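Chain and residue survey
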Amino acid sequence: MRITNARVIVCSPGRNFVTLKIETDEGLTGIGDATLNGRELAVAAYLEEHVVPCLIGRDAHQIEDIWQYLYKGAYWRRGPVTMSAIAAVDTALWDIKAKAANMPLYQLLGGKSRTGVMVYGHANGTDIEHTVDEVLRYAEQGYKAIRAQSGVPGLDKVYGIGKAGAKVYDPADSSLPGEHDWSTEKYLQFVPKLFERVREKLGFEHHLLHDVHHRLTPIEAARLGQSLEPFKLFWIEDPTPAENQEAFKLIRQHTTTPIAVGEIFNSIWDCKDLIQNQLIDYIRTTVTHAGGITHLRRIADLAALHQVRTGSHGATDLSPVCMGAALHFDLWVPNFGIQEYMKHTEETDAVFPHAYTFEQGMLYPGDVPGHGVDIDEKLAAKYPYDRKYLPVNRLQHDGTLWNW
Ligand SMILES: [Mg+2]
């Protein structure tokens, strides 16, 4: 089965998404997500200018060889742009192979390891009571695991808290980068109070998660982890930037609160030391940003050796194509932990019709051949690309640029 054509489709049904569609001489097609939030067109150009010409005429069944060809053949390995582009090709080819086999993708990976995929939803509030209400609302909808983020008193804009009364989470909210302010002191004072109140109202039946978004130094992260121990969190995410992975040793020495890292990682080389030294509990690499199903499987297998479980990034900066592929992966992967899940807008769901369904805190990928997500190209064309940036973050007291 030869690849006859590959096209990049960029659309913005509420957010920008980059989709690669691969066509074959047997009439089967497959799609992959190549969305790199805030830098979308870099991946689109990488695909169109450099990757697509190399795909035409290749055997669509040779997923591994094509992966190696694109990774090793470029000479310039790794990086988010390269790995998102390779991921899109890889995802589209797995989609095609599964359609050719007339099976849902999870069957090709080794079949189901569980009945469904536990997901966590995002409860965001402007203050403690609002956040508690949101957490309870998610619990009522059947979620077994809930991430809680709240506005911090004295801070103007906080990560995860949108403009419209925190109902919407929209980090890409400006045509130029927006500016948030930050005070570690105010945050560290506040967060234990938030989770004390949430546990008081919710009890201990549900998993609670919290994203620190790279804001702390290692010793501050250690203090946060310690202060949250009574509230038994499922994880704290990205407690400190992960370029210097030695830093996590310090956090580990001080706290038993589990740690999740990896949504901005793009290869097994980014994960290797954290996993092998058991400095984290959950690895958050995704299908789209970490080289597709083929590479994510390698990361998960390494993680399994060290009892690190998966917890893939799944915010709405990724298209439903990534979510569909991730759910097949999650249903199979033996060391599955949890999957992040944010509902896409109705416009996005209409552009990307999908087989996956939500019920009682679980997602199910469905049983149609392939990964079960399609793109309505006519509808997609009605939503042209709209440049957006992630915000930046500055320290409140003197304007120093901080981590976002
Ligand atoms: Mg995160």
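Residues numbered from 1 in each chain as written. Predicted model: local features only at pLDDT ≥ 70, side-chain atom pairs only at ≥ 80, totals over all residues. Heavy atoms only, no water.

**Thoughts on the packing of aromatic side chains**
Each aromatic ring pair is specified by the distance between its two centres and by the angle formed by the two planes. Under the convention used in this document: Centres within 6.5 Å make a pair out of two Phe, Tyr or Trp rings, where for Trp the six-membered ring is used; the pair is then stacked when the planes are under 30 degrees apart, edge-to-face when over 60, and tilted otherwise. Under the DSSP-based scheme used, a helix requires at least four consecutive residues in state H or I and a strand at least two consecutive residues in state E, with every element numbered from the N terminus. Partly exposed describes any residue whose relative accessible area lies between the buried limit of under 20% and the exposed limit of over 50%, with all areas from a 1.4 Å probe on protein chains only and scaled to the type maximum. The rule for a charge over a ring is simple: NZ of Lys or CZ of Arg within 6 Å of the ring centre, and within 35 degrees of the ring normal.
In the structure shown here, the tally under the stated rule is 12 aromatic pairs. Between Phe329 and Trp332, the aromatic rings sit 5.5 Å apart at their centres with planes inclined by 70°, giving edge-to-face as the arrangement. With Phe329 and Trp332 both in helix H11 (residues 320–332), this residue pair falls 3 residues apart, about one helical turn. Of the two residues, Phe329 and Trp332, both sit in the buried class. Ring centres of Tyr341 and Phe358 lie 5.8 Å apart, and the angle between their planes is 25°; this geometry places the pair in the stacked category. In this pair, Tyr341 is assigned in the loop between strand E12 (336–340) and helix H12 (346–351) and Phe358 in strand E13 (residues 357–359), connecting sequence segments 17 residues apart. The structure contains a cluster of three or more aromatic residues connected by ring pairs, namely Tyr120, Phe234, Trp235 and Tyr282. Sitting above the plane of the Tyr69 ring, Arg58 keeps its charged end 3.8 Å from the centroid. Just above the ring of Phe358 sits the side chain of Lys343; from NZ or CZ to the centre is 5.8 Å.

**Some thoughts on the pairing of strand E15 (residues 392–395)**
Heads up, the rule is: When DSSP finds two or more bridges between a pair of strands, those strands are recorded as paired.
Residues Asn393 and Leu395 point to one face of E15 and are all buried, whereas Val392 and Arg394, pointing to the other face, are not buried. Connecting E15 to the next strand, strand E16 (residues 401–402), in antiparallel fashion are 5 residues, including Gly399 with a positive phi near 80°.

**Observations concerning the pattern of salt bridges**
Stated precisely, the cut-off is as follows: Salt bridge, as applied in this entry: a Lys or Arg side-chain nitrogen positioned within 4 Å of an Asp or Glu carboxyl oxygen.
What the rule picks out here adds up to 18 salt bridges. The partner of Glu134 in a salt bridge is Arg137, and the shortest N-O contact between them spans 2.7 Å. One end of the pair, Glu134, and the other, Arg137, are both in helix H5 (residues 128–140), 3 residues apart, so they sit about a helical turn from each other. Its relative accessible area of 6% is what places Glu134 among the buried residues. For Arg137, a relative accessible area of 34% puts it in the partly exposed group.

**What about the side chain of Asn266?**
Stated formally: Definition of a polar contact: a pair of N or O atoms within 3.5 Å, with one able to donate and the other able to accept a hydrogen when the atoms are protein atoms, and with sequence-neighbouring residues admitted only if both atoms are side-chain atoms. Between two residues, a contact is recorded if the distance between any of their heavy atoms is within 4.5 Å.
Among the structural elements, Asn266 can be located in the loop between strand E9 (259–261) and helix H9 (268–276). There is a polar contact of 3.1 Å between the side chain of Asn266 and the backbone nitrogen of Gly79. The contact partners of Asn266, leaving out residues within four places of it in the chain, are Arg78, Gly79, Pro80, Met83, His289, Ala290, Gly291 and His295.

**Considering helix H6 (residues 184–202)**
To keep things clear, this is the line we draw: Here the expected span of a helix is defined as 1.5 Å times the quantity of residues minus one. In this scheme, the bend at a residue equals the angle between the axes fitted to the seven residues that finish there and the seven that begin there.
Its 19 residues give H6 an end-to-end C-alpha distance of 27 Å, which sits within 8% of 27 Å, the value for a rise of 1.5 Å per residue. At Phe190, H6 is deflected by roughly 25°, the largest bend along its length, and proline Pro192 occurs up to four residues later in sequence. Residues Thr184, Tyr187, Leu188, Phe190, Val191, Pro192, Leu194, Phe195, Val198, Arg199 and Leu202 constitute the buried set of H6. Buried residues along H6 sit against H5, strand E5 (145–150), strand E6 (179–182), strand E7 (207–211) and helix H7 (218–228). Just beyond H6, the residue with positive phi is Gly203, at close to 85°.

**Looking at the environment of His210**
Take His210: it is sitting in strand E7. In sequence terms His210 and Phe234 are 24 residues apart; their C-alpha atoms lie 8.4 Å from each other. Those residues in contact with His210 that lie beyond four places of it in its chain are Arg147, Ala148, Gln149, Tyr187, Val191, Phe195, Leu233, Trp235, Ile236 and Glu237. For His210, the side chain forms a polar contact with the side chain of Tyr187, separated by 2.7 Å.

**Describing the sheet that holds E15**
Spatially, 3 strands are ordered E6-E15-E16 in an open sheet, and the strand pairing comes out mixed. Edge positions in the sheet fall to E6 and E16, since each of these pairs with one other strand and no more. As paired elements, E6 and E15 share 4 bridges and run parallel to each other. Its bridge partner being in E15, His180 is matched across the sheet by Asn393.

**A word on the coordination of the magnesium ion**
What counts, and what does not: Listed donors are limited to N, O and S atoms within 2.8 Å of the metal, widened to 3.2 Å for Na, K and Ca; water is not among them, so incomplete-looking sites are possible.
Those donors, Asp211 (OD), Glu237 (OE) and Glu263 (OE), are the protein atoms that reach the magnesium ion, and they lie 2.0 to 2.3 Å from it. Each donor residue of the magnesium ion belongs to the same chain, with the gaps between them written as D-x25-E-x25-E. Remark: Glu263 occurs in the loop between E9 and H9 and Asp211 occurs in strand E7; sequence separation between them is 52 residues.

**Here's the deal with the environment of Ile236**
With respect to the helices and strands, the residue Ile236 is situated in strand E8 (residues 235–237). Classification of Ile236 as buried rests on a relative accessible area of 0%. Separated by 131 residues in the primary sequence, Ile236 and Asp367 place their C-alpha atoms 33 Å from one another. In contact with Ile236, other than residues within four places in its own chain, are His210, Val212, Gly225, Leu228, Thr257, Pro258, Ile259 and Ala260.

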